[in-house]
Amino acid sequence: MRNLLLLVALLGLAGCMKVSDLASGAEYHLRDAGFLDHGRTERMASRRLQQDSFIYIAQGHFVPPGHGYPRPNVVAEEAFKGFVEYFPLVRRAREPAGLDEAMAEARAAGAHYLLYGRFAYSDDRIGTVEEWEDQEALDRLGTDRAVIQLMLIETNTRYLVDTARIRSRGGFLTFYDAQPQDLIGPPLRDYARSLLGVGR
């Protein structure tokens, strides 16, 4: 009898929520608790772009403080991967460039907007046996962290449409052999969605 009541209760709860909602809720809570990678985007404006906007993506030369040196053009590469899914007219710079140089390239390409980013902070913690053998420091154990700064600039007027700051941290279940640059893809994709006004 007790098993039957338990089964009826579970079926009643299952009828209230879809399985996909339960899975996304569990994933959200695991990220928030620090078990999975987590990223948070802070936008300074709430302006939305049209889907046919032509966006040129570039990254600055800035070398982030902290431990670990990310690939030179990784922000532009990951932003391109996230934006091309939502904006069909996207192009990225092949290498890091200064703001004026990136603006000139964006104008020459005929882009409406320049998305200019930089890796503001990178902390590559010990996540493998090899890294432990190199550093052997207990205070370096843990999850990776990264901070990215973005500026969205209108190319014709040089008007600053939006600025964003993305803070990412690794999770305890995903920290093995991870690097800060591995954390920035999903938040950049979320930022592209937020520029369109599309939810998760």
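In this convention, every chain numbers its residues from 1, walking through the sequence in written order. Totals for whole chains, interfaces and linings use every residue, but because this is a predicted model, local features are given only for residues with pLDDT of at least 70 and side-chain atom pairs only at 80 or more, for both listing and counting. With hydrogens and water stripped out, all remaining heavy atoms of the structure feed into the side-chain values.

Engineer: In this structure, what is going on with the pattern of salt bridges? I would like to understand it.
Structural biologist: A side chain with one charge can pair with a side chain of the opposite charge if their charged atoms come near. Basic side-chain nitrogens of Lys or Arg form a salt bridge, by our definition, when they fall within 4 Å of a carboxyl oxygen of Asp or Glu. Under the defined criterion, the tally for this structure stands at six salt bridges. The shortest N-O distance in the salt bridge between E154 and R47 comes to 3.8 Å. Of this pair, E154 sits in strand β5 (residues 145-154) while R47 sits in the loop between β1 (38-43) and β2 (55-59), and the two are 107 residues apart along the sequence. Helix and strand assignments follow DSSP, with helices taken as H or I runs no shorter than four residues and strands as E runs no shorter than two, numbered in order from the N terminus.

Engineer: What should I look at first to understand the nonpolar core in this one?
Structural biologist: In summary, soluble globular proteins display a tendency toward joint burial of nonpolar side chains. Throughout this description, the term nonpolar core refers to a set of buried Ala, Val, Leu, Ile, Met, Phe, Trp, Tyr and Cys residues connected via side-chain atoms within 4.5 Å. Note on exposure labels: buried denotes an accessible area under 20% of the residue type's maximum, exposed denotes more than 50%, and partly exposed covers the range between, all computed with a 1.4 Å probe on protein chains only. Residues F83, F87, L115 and L150 are the most contacted members of the largest nonpolar core, which totals 27 residues. When residues of this core are traced back to their parent elements, those giving at least two are β2, α3 (74-83), β4 (113-123), β5, β6 (160-169) and α6 (185-196). A contact between two residues is defined here by any heavy atoms of the two lying within 4.5 Å. Sequence-distant contacts of F87, that is, excluding residues within four places in its chain, are made with L49, Q50, Q51, S53, I55, A192, L195 and L196. One finds F54, A58, A102 and Y116 within the second-largest nonpolar core, a separate group that totals twelve residues.

Engineer: When you look at the pairing of β2 in this model, what are you seeing that I'm missing?
Structural biologist: Two faces belong to every sheet, and in a regular strand the side chains alternate between them. The buried fraction of β2 amounts to five of the five residues, a majority that puts the element mostly inside the structure. Neither face of β2 is exposed, since I55, I57 and Q59 on one face and Y56 and A58 on the opposite face are all buried. Pairing between strands is defined by DSSP: at least two bridges between them are needed. Two elements, β2 and strand β3 (residues 90-92), share three bridges in a ladder whose sense is parallel. The residue bridging I57 from the neighbouring strand is R92, located in β3. Summarising the sheet, β2 and β4 pair through five bridges and their orientation is parallel. Looking at the pairing, I57 lines up with L115 of β4.

Engineer: It is not clear to me how the side chain of T155 should be interpreted in this structure. Could you clarify?
Structural biologist: Note that T155 resides in the loop between β5 and β6. What qualifies as a polar contact is a pair of N or O atoms within 3.5 Å, subject to a donor-acceptor requirement within protein and to the restriction that residues adjacent in sequence count only when both atoms come from side chains. In terms of polar contacts, T155 uses its side chain to reach the backbone carbonyl oxygen of A111, at 2.6 Å. Residue contacts for T155: discarding those within four places in its chain leaves M103, A106, R107, A111, H112, Y113 and L114.

Engineer: Is there a simple way to explain the confidence of the model for the chain in this structure?
Structural biologist: Any region with low pLDDT has predicted coordinates that should not be read closely. The pLDDT value tells you how sure the predictor is about a given residue, anywhere from 0 up to 100. Considering every residue of the chain, the mean pLDDT works out to 80; 64% of them sit at 70 or more. When pLDDT is averaged over each helix and strand of the chain, the minimum, 60, is found for helix α2 (residues 19-33) and the maximum, 96, for β2.

Engineer: Is there a simple way to think about the environment of Y113 in this case?
Structural biologist: If you trace the backbone, Y113 turns up in strand β4. Take Y113: its relative accessible area is 10%, and that puts it in the buried class. As a C-alpha pair, Y113 and Y159 span 46 residues in sequence and 9.5 Å in three-dimensional space. With near-sequence residues (within four places) excluded, Y113 lies in contact with R47, L49, S53, F54, I55, Y56, L152, I153, E154, T155 and V161. At 3.3 Å, the side chain of Y113 forms a polar contact with the side chain of R47.

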